[in-house]
Amino acid sequence: MTGLPPSTPEAAGSAPATRSARAIHVSAEVAQAVADGRPVVALESTIFTHGLPRPRNLAVALEAERQLREAGVVPATIGVHAGVPTVGLSTEQITELSATDGLDKVSLRDLPVVAALGRHGGTTVAATAFLAHRAGIRVFSTGGLGGVHFGASESFDESADMTTLAATPVTVISAGVKSILDIRATLERFETFNIPVIGYRTRKYPGFYVTDSGHEINFSVESPEEAARLIEARDRLALPQAVLIANPVDPAKQLPPEELDGILERAWAEAERQGVTGNASTPFLLDHIQRDTHGRSLEVNVEVYRGNVRLGGQIATALAAAARSGA
C-alpha cells in the first residue's frame, strides 16, 4: 500500500538503544515481557497478509495470539505498519493489514525500502526472525520455511530465509519447508550453513502438508525442556545460527501422501504455463494447491500453524523457566 505517512518508530521499554533498535517499534507489552524474562513467541505476518484467504486470515492471526495468551505466553506478531517495522502489532494493526490489498511481501532486503517509502508489509520468515532477534525474542513459530526451489542449479532460486537464519540465533518452529520446494537440496543447504535441524519427537523430516517428506534427519528432541537445553547450549557456545525445530502435522490431519505428488505436478505445470516465477511462485503454487484440493490444504495449513504456535509457547516457557532457575 502506498501513500501512507511514515512515522518515527521507537523501540519501547528495554530494547537496546542502537541505530537498528531505534528503527524498530517494539510494543510496550513485548518489551516489558522480554525485560522480565517472561515467555514470548514471535509470529510472522505473511501468513495473514499473503498466505490465507479472507476472512480466515484474520481469524487465524487472532486465534494464534489468543492461544499463546491462554498458555501464559506473550505473543509478538511482527510486520511493517506505515513503514514502521513493528514487533508486537496491535489487534487494530493486524486487522488493518489483514484487510489491505496489495501489501508488500517483506523479506530482510526489503525492510529499508518499505520503511523509507512508508508502506505496509507482511514480513517473511527472514524479516520476522531478524526483527524478533533485535527485540530480544528467542522463539519464533511459523508454518513452513523457505528453501531451495526446483531448478535452482540454473536459476539460483533460493529463499533468503536460509542465509538469514544462518546468521540469526533464534529458534524457529516449523512443519518443515514448503512442499513445493526441493526438500533434499534444502536440507543440504541447511547443513552447508551450519543450521541444526532437529525433529520434535521424530527423525523423519516433515513435508509441511505431510508428516514425513521421505528424508531423515540426524537428531530429535522429546520435550520442550530438552529443546530448551539444546538452545541454551547453542547460546553458551555463542553460535550465530538459528535452531530449527521440525514439528510434523498430526498424521490424522495431513494431506493423503499418495495424492501429494500429483497435486504438486499440476501446480508446477500451471505455474510454468502462466510464466509465474520468482517470489510470486510460492503464493501462486499454494493457491493452486488449495483450489486443487478443494480447500483441504488450507485446513492442513491452519492445523500446522496451530501445532507450531502451541509448541513455540511450550519451548518459550521452558526457556524462561530455565533462565529463572539458572539465575
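All values derive from a computational prediction rather than experimental measurement.

Visitor: I'd like to hear about the layout of surface pockets, residue by residue, with values.
Guide: Counted as a void, the largest pocket has a volume near 990 Å³. Lining the largest pocket are 41 residues, with Lys105, Thr124, Lys178, Thr282 and Pro283 sitting closest to its centre. Among the elements of the structure, helix H3 (46–51), helix H9 (160–165), helix H13 (281–292) and helix H14 (296–326) are those that each provide at least two residues to the lining of the largest pocket. Considering each element in turn, the lining of the largest pocket owes the most residues, five residues, to H13. By residue class, the composition of the lining of the largest pocket is 14 nonpolar, 18 polar and nine charged.

Visitor: Report on the packing of helix H12 (residues 257–274) against H13, specifying residues and quantitative values.
Guide: At their nearest, the axes of H12 and H13 sit 9 Å apart, and the two run at 130° to each other. Comparing the axis directions of H12 and H13 gives the class oblique. Of the two elements, H12 crosses H13, and the hand of that crossing is right-handed. Residue-level contacts link Ile263, Leu264, Arg266, Ala267, Trp268, Glu270, Ala271 and Gln274 of H12 to Phe284, Leu285, His288, Ile289 and Asp292 of H13. Along the lines of polarity and charge, the residues of the contact of H12 with H13 split into eight nonpolar, two polar and three charged.

Visitor: Residues and numbers for the packing of aromatic side chains, please.
Guide: Given two aromatic rings, one states the distance between the centres and the angle between the planes to describe the pair. Enumeration according to the criterion identifies one aromatic pair in this entry. An angle of 70° between the planes, with centres 4.8 Å apart, marks the rings of Phe208 and Tyr209 as edge-to-face. In this structure, Phe208 and Tyr209 share a single accessibility class: buried.

Visitor: Can you explain the side chain of Arg234? Please cite residues and give values.
Guide: You can see Arg234 is positioned in helix H11 (residues 224–236). Within polar-contact distance, the side chain of Arg234 engages the backbone oxygen of Pro169 at 3.4 Å. In this view, Arg234 contacts Pro169, Val170, Thr171, Leu239, Gln241, Ala242 and Val243; residues no more than four positions away in its chain are not counted.

Visitor: Residue-level account of the nonpolar core, with values.
Guide: The biggest cluster of nonpolar side chains holds 62 residues, and the ones touching the most others in it are Val87, Ile137, Leu165, Phe190, Tyr205 and Leu244. Formed by 33 residues, the second largest nonpolar core is a distinct cluster that contains Val73, Leu103, Val221 and Ala228.

Reading the values: rules and limits
- Residues numbered from 1 in each chain as written.
- Predicted model: local features only at pLDDT ≥ 70, side-chain atom pairs only at ≥ 80, totals over all residues.
- Heavy atoms only, no water.
- 1 Å grid on protein atoms, 1.4 Å probe; cavity = no way out; pocket = protein on both sides within 12 Å on 5 of 7 lines; lining within 4 Å.
- Points joined across faces, edges and corners; volume = space filled by probe spheres on them.
- Helix = DSSP H or I, 4+ residues; strand = E, 2+ residues; numbered from the N terminus.
- Nonpolar A, V, L, I, M, F, W, Y, C, P; charged D, E, K, R; others polar.
- Axes fitted to C-alpha atoms, helices over the stretch in contact; angles between N-to-C directions.
- Parallel < 35°, antiparallel > 145°, perpendicular 65-115°, else oblique.
- Left-handed = near helix turned anticlockwise from the far one by under 90°.
- Contact = heavy atoms within 4.5 Å.
- Phe/Tyr/Trp six-rings, centres within 6.5 Å; stacked < 30°, edge-to-face > 60°.
- Buried < 20%, exposed > 50% of the residue type's maximum accessible area, 1.4 Å probe, protein only.
- Polar contact = N/O pair within 3.5 Å; in protein donor to acceptor, adjacent residues only side chain to side chain.
- Core = buried A, V, L, I, M, F, W, Y, C linked by side-chain atoms within 4.5 Å.

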